[in-house]
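# An overview of the molecular structure
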Amino acid sequence: MPDLFNYLRRTSSVTCIGDTPMGGAYPIRVQSMTTTDTNDTEASVAQAERIADAGGEYVRLTTQGTREAENLKAIGMRLRADGYATPLIADVHFNARVADVAAHYAQKVRINPGNYVDPARTFKTLDYTDEEYAKEIEKIEQRFVPFLHICKEHHTAVRIGVNHGSLSDRIMSRYGDTPAGIVESCMEFLRICKREHFDDVVISIKASNTVVMVRSVRLLVSEMEKEGMHYPLHLGVTEAGEGEDGRIKSAVGIGALLADGIGDTIRVSLSEEPEAEIPVARRLVEYITQRAGHSMIPCEPFTGFDYLQPEPRETHGIDIVGGQSQPVVIVSEMGLNDRSSVFEAPQVPLPDFIYTGASLPERRRKGQKYIVDFNVYHGEADTYPIFPHTAMPFIASVNAPMKFLVLQFGVSEEEYTACLKAHPEVVVVCMSNHSNRLGHQRALVHEMMAHGLKNPVIFSEAYRHSKEEKEDFQLEAAADTGALMIDGFCNGLWLMNDGTLPATDLVATALGILQAGRLRTSKTEYISCPGCGRTLYDLRSTIARIKAATSDMAGLKIGIMGCIVNGPGEMADADYGYVGAGPHRVSLYRKKECVQRSIPEEEAVDRLLELIRSDRQKLP
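Treat the numbers as computed from the prediction; the structure is a model and nothing was measured. (Residues numbered from 1 in each chain as written. Predicted model: local features only at pLDDT ≥ 70, side-chain atom pairs only at ≥ 80, totals over all residues. Heavy atoms only, no water.)

## Section: the overall build of the chain
When its secondary structure is counted, the chain shows 16 helices and 25 strands. In terms of C-alpha radius of gyration, the chain reaches 25 Å, essentially the compact-globule figure of 25 Å for 620 residues. Taken along its principal axes, the extent of the C-alpha atoms in the chain is 75 × 55 × 55 Å. When the accessible surface of the chain is totalled, it reaches about 23,800 Å², and 50% of it is carbon and sulfur. Distance between charge centres in the chain, computed from 66 positive and 84 negative side chains, equals 3 Å. (Helix = DSSP H or I, 4+ residues; strand = E, 2+ residues; numbered from the N terminus. Rg over C-alpha atoms; globule rule 2.2 N^0.38 Å. Areas by Shrake-Rupley, 256 points an atom, 1.4 Å probe, with all protein chains shown as cover. Lys, Arg positive; Asp, Glu negative; His and termini not counted. Charge placed at Lys NZ, Arg CZ, Asp CG, Glu CD.)

This is the structure in structure tokens:
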């Protein structure tokens, strides 16, 4: 387990990838993937150069067949002639022979354990005896070892890239759809690498579900440590989507791991132009790594906390906070003449509480809950007092069904624990001005757990960004809170910003973070891939059309996938799926079941919407 309170980057071995090594003391690398046909040399070179010009340190290209793999040679030669030394990575699925060819021309080859030797995932339950299972592992070794020999000969690195969406039926049947199965799918291949003394290895475990992704990578690191492995790690949330939602979702998952020192390269998978991914990835890396060397946070982990399989922290239910309630959102609305009117416009997301400081607004929104400073609280309906830690002695004298107390790690442990034990009606607002706010806020919760306190905890995060820096605000807030949600500590978010961002953006961001952390659903969720050379329909215009028609269907999950590689798997918990089935052909899914096959692209979106409307009409 890493140090939960003090940032220290995990020590990994070094993997040589062309002239850009990864791991060890090297910087965390950023990368992207082309969306062009890899047989189109000119288009692939142009896109690779745009990625490199944006700061991408590796460029990955899909290689469906040997033609694409062989054309990596021409693409590499053109890039070198243009003065680019950026390493090229071949992305291989289904055909192990293609990986053998790609190893001659690429600086790294990505293989997917879920379909390297095993058949593609079909969601069938297979029953293996231990002897039969061992023979399947032997088949992997017989195919994988010759590939490693080719890679050794050509100084080609290998990425073992496990995707939650493409686990084999063999793994699923024995381990289920669990982090343990995902990790074992990876470890089968890593054990062969170690036995063959092949060290130029990178590992990735990706999922569209941030909780699955983070827990699986945490478990992988633990399992590798047990077996004496220290390979570098590639991080990413696959099928994250586009726009604000894609950025927030990526920052929650990637940020939760980077903040614990885990990760040597990252890719932010957005359904946008590949070069648009690079600034997002770079910002995440810079934001997290700048906390290196921070002042130490002296705290011991609570012995009952399981970092690898965290459970939601047990809390009292106080009104709509804690207990079995979904996490709440608080926003500060101060300095406006009518502080509640900003939330009365249609389609504006509403906070659960509005903090109004020293007074209530003249006109209060019906049903809205408010928080005011304790010294001006007079028992108004739907209004609750908040106390700074210096006002703890006054908590007993104020009669209110729910009270808020602002705390941070370092406040007198004896004083606040006595207060919280005496006042179970108090909700803790956990703040921090430490340069490693995650570690600082974690420390308070671990200290509370060690004392058996069950008061709910709301995390308050303060930033300073202008309207023009909205993306930075969203990335930072998502990265700071990701691990807190995965750890099971979050009963609510209160995002603050000392800048020109409107309160509505703060609420929308908080709700987006909670949805990305799988804690609260407030809008339609789109699981959409970034596209690649395997995508044979217009992905971005399709996403736009589907979003426009379904954006008001809160709680609905729709998968929009370019091809079959991860499609059905990543959409396993989606309500509907739209998956590329061939050139300008699409298949539609309801849950895991394909219900309409190989529809012409021009009809597919309308057919998907008809399917959704028909199902919704049948609901009681």
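## Some points on the packing of helix α4 (residues 130-154) against helix α6 (residues 179-195)
Closest axis-to-axis distance for the α4/α6 pair is 10 Å, and the angle between their directions is 50°. The angle between α4 and α6 falls in the class oblique. For α4 against α6, the interelement crossing comes out right-handed. The segment α4 lies against α6, with Tyr133, Ile137, Ile140, Glu141, Phe144, Val145 and Leu148 engaging Glu188, Phe189, Ile192, Cys193 and Arg195. Each residue belonging to the contact of α4 with α6 can be placed in one class, and the counts come to 9 nonpolar, no polar and 3 charged. (Axes fitted to C-alpha atoms, helices over the stretch in contact; angles between N-to-C directions. Parallel < 35°, antiparallel > 145°, perpendicular 65-115°, else oblique. Left-handed = near helix turned anticlockwise from the far one by under 90°. Contact = heavy atoms within 4.5 Å. Nonpolar A, V, L, I, M, F, W, Y, C, P; charged D, E, K, R; others polar.)

## Quick word on the packing of aromatic side chains
Inspection of every chain in the model, using the stated rule, returns 14 aromatic pairs. Judged by centre distance (5.0 Å) and plane angle (70°), the rings of phenylalanine 144 and phenylalanine 189 are edge-to-face. Of this pair, phenylalanine 144 sits in helix α4 while phenylalanine 189 is found in helix α6, placing the two residues 45 residues apart along the sequence. By the burial criterion, phenylalanine 144 is buried, and phenylalanine 189 matches it. By way of ring pairs, the aromatic residues Tyr116, Phe144, Phe147 and Phe189 are connected into one cluster. The ring of tyrosine 58 is capped by lysine 108, whose NZ or CZ atom sits 5.4 Å from the centre of that ring. When the ring centre of tyrosine 133 is taken as origin, the NZ or CZ atom of arginine 170, which lies over that ring, is 5.0 Å away. (Phe/Tyr/Trp six-rings, centres within 6.5 Å; stacked < 30°, edge-to-face > 60°. Buried < 20%, exposed > 50% of the residue type's maximum accessible area, 1.4 Å probe, protein only. Lys NZ or Arg CZ within 6 Å of the ring centre and 35° of its normal.)

## Some points on the pairing of strand β6 (residues 108-111)
Burial along β6 is two-sided: Lys108 and Arg110 and Val109 and Ile111, pointing in opposite directions, are all buried. Summarising the sheet, strand β5 (residues 88-92) and β6 pair through 4 bridges and their orientation is parallel. Bridged to aspartate 91 within β6 is arginine 110. One crossover worth recording links β5 to the parallel β6 by way of helix α3 (residues 96-102), and it is right-handed. (Pairing = 2+ DSSP bridges. Right-handed = clockwise from strand over helix to strand, strands pointing away.)

## A look at the domain arrangement of the chain
Considered domain by domain, the chain is made up of domain 1 (14-290), domain 2 (328-517) and domain 3 (525-617). Once you take the C-alpha centre of each, domain 1 and domain 2 turn out to be 39 Å apart. Listed by partner, the interface residues are 20 residues for domain 1 and 23 residues for domain 2. Between domain 1 and domain 2, roughly 1,800 Å² of surface is buried when both sides are summed, and carbon and sulfur atoms account for 62% of that area. It is Ile248, Val252 and Tyr287 in domain 1 that bury the most area against domain 2; as a group they hold 32% of the surface buried on that side. Seen at the junction of domain 1 and domain 2, the total is 6 salt bridges. (Domains from an automatic or database assignment. Buried area = accessible area lost by both parts, 1.4 Å probe. Salt bridge = Lys/Arg side-chain N within 4 Å of Asp/Glu carboxyl O.)

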